Amino acid sequence: QVQLVESGGGLVQAGGSLRLSCAGSGRTFSSYTMGWFRQAPGKEREFVAAITWYGGTTYYADSVKGRFTISRDNAKNTVYLQMNSLKPEDTSVYYCAADSATRRFASLPYYSTREAYGYWGQGTQVTVSS
């Protein structure tokens, strides 16, 4: 199992930047594909980005492509989400998630679905003011 704790959220003006961190527990962190999702009030939780355990291949939602970057540091058991050129519509609670299985090979689009993930953090609020 893995436990996840997000940090780095806050209030930022439109056009600004934030970096979210997700610290994971356990010795097998490097074996999990990791993802970021977000959920705004009254809306479904939506995919933001994912990074595979093998080779660090990344995958993004169209709405954040070119503005957000997901990365991981397995030595620190941490995954990051660098968010640049933030917009008011990026305002949400951001959640970190880990694959439900270790060392799994699956298609990148599969990792844009909530069903791919078995472990979730508690979320961190990001608010972008106009």
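This report concerns the structure included in the present document. (Residues numbered from 1 in each chain as written. Predicted model: local features only at pLDDT ≥ 70, side-chain atom pairs only at ≥ 80, totals over all residues. Heavy atoms only, no water.)

## Focus: the side chain of E6
By secondary structure assignment, the location of E6 is in strand β1 (residues 4–7). Buried and unpaired, E6 has R45 as its nearest opposite-charge partner, separated by 7.4 Å. For E6, the side chain forms a polar contact with the main-chain nitrogen of C96, separated by 2.7 Å. A polar atom in the side chain of E6 sits 2.9 Å from the backbone nitrogen of G123. (Helix = DSSP H or I, 4+ residues; strand = E, 2+ residues; numbered from the N terminus. Buried < 20%, exposed > 50% of the residue type's maximum accessible area, 1.4 Å probe, protein only. Lys, Arg positive; Asp, Glu negative; His and termini not counted. Salt bridge = Lys/Arg side-chain N within 4 Å of Asp/Glu carboxyl O. Polar contact = N/O pair within 3.5 Å; in protein donor to acceptor, adjacent residues only side chain to side chain.)

## Here we look at the sheet that holds strand β3 (residues 18–24)
Here we have four strands laid out as an open sheet, ordered β1-β3-β8-β7, and antiparallel in their pairing. Each edge of the sheet is formed by a strand with only one pairing partner; in this case those strands are β1 and β7 (68–73). When strand polarity is set aside, the average angle formed by the axes of neighbouring strands in this sheet is 15°. Of the pairings in the sheet, the one linking β7 to strand β8 (residues 78–83) comprises six bridges and is antiparallel in character. Opposite R72, over in β8, you have V79 as the bridge partner. (Pairing = 2+ DSSP bridges. Axes fitted to C-alpha atoms, helices over the stretch in contact; angles between N-to-C directions.)

## Let's talk about the packing of aromatic side chains
Applying the stated criterion across every chain, the model contains eleven aromatic pairs. On the numbers, 5.7 Å between centres and 35° between planes, the contact of F47 with Y59 is tilted. Separated by twelve residues along the polypeptide, F47 in strand β5 (residues 46–51) and Y59 in strand β6 (residues 58–60) bring together distant segments of the chain. Summarising the aromatic geometry, the rings of Y110 and Y111 are spaced 5.6 Å apart at their centres and angled 65° between planes, so their arrangement reads as edge-to-face. Exposure remark for Y111: the relative accessible area of 1% places this residue in the buried category. Three or more aromatic residues link up through ring pairs in this structure, and these residues are F37, F47, Y59, Y110, Y111, Y117 and W120. (Phe/Tyr/Trp six-rings, centres within 6.5 Å; stacked < 30°, edge-to-face > 60°.)

## Section: the pairing of strand β9 (residues 92–99)
With seven of eight residues buried, β9 is to be regarded as a mostly interior element. In this structure, strand β4 (residues 34–39) lies alongside β9, joined through six bridges in antiparallel fashion. Paired with M34 across the bridge in β9 is A98. The pairing of β9 with strand β11 (residues 124–129) spans three bridges and is antiparallel.

## Some remarks on the environment of S31
Looking at where S31 falls in the secondary structure, it is placed in the loop between β3 and β4. Separated by 22 residues in the primary sequence, S31 and W53 have C-alpha atoms spaced 5.3 Å apart.

## Brief notes about unusual backbone geometry
Glycine aside, residues mostly have negative phi angles, and peptide bonds mostly take the trans form. At N77, a position not held by glycine, the phi torsion is positive, near 50°. Mapped onto the elements, N77 comes out in the loop between β7 and β8. Residue classification places N77 among the buried residues on the basis of a relative accessible area of 18%. In this model, S85 sits at a positive phi of 50°, which is unusual for a non-glycine residue. Within the secondary structure, S85 is located in the loop between β8 and β9.

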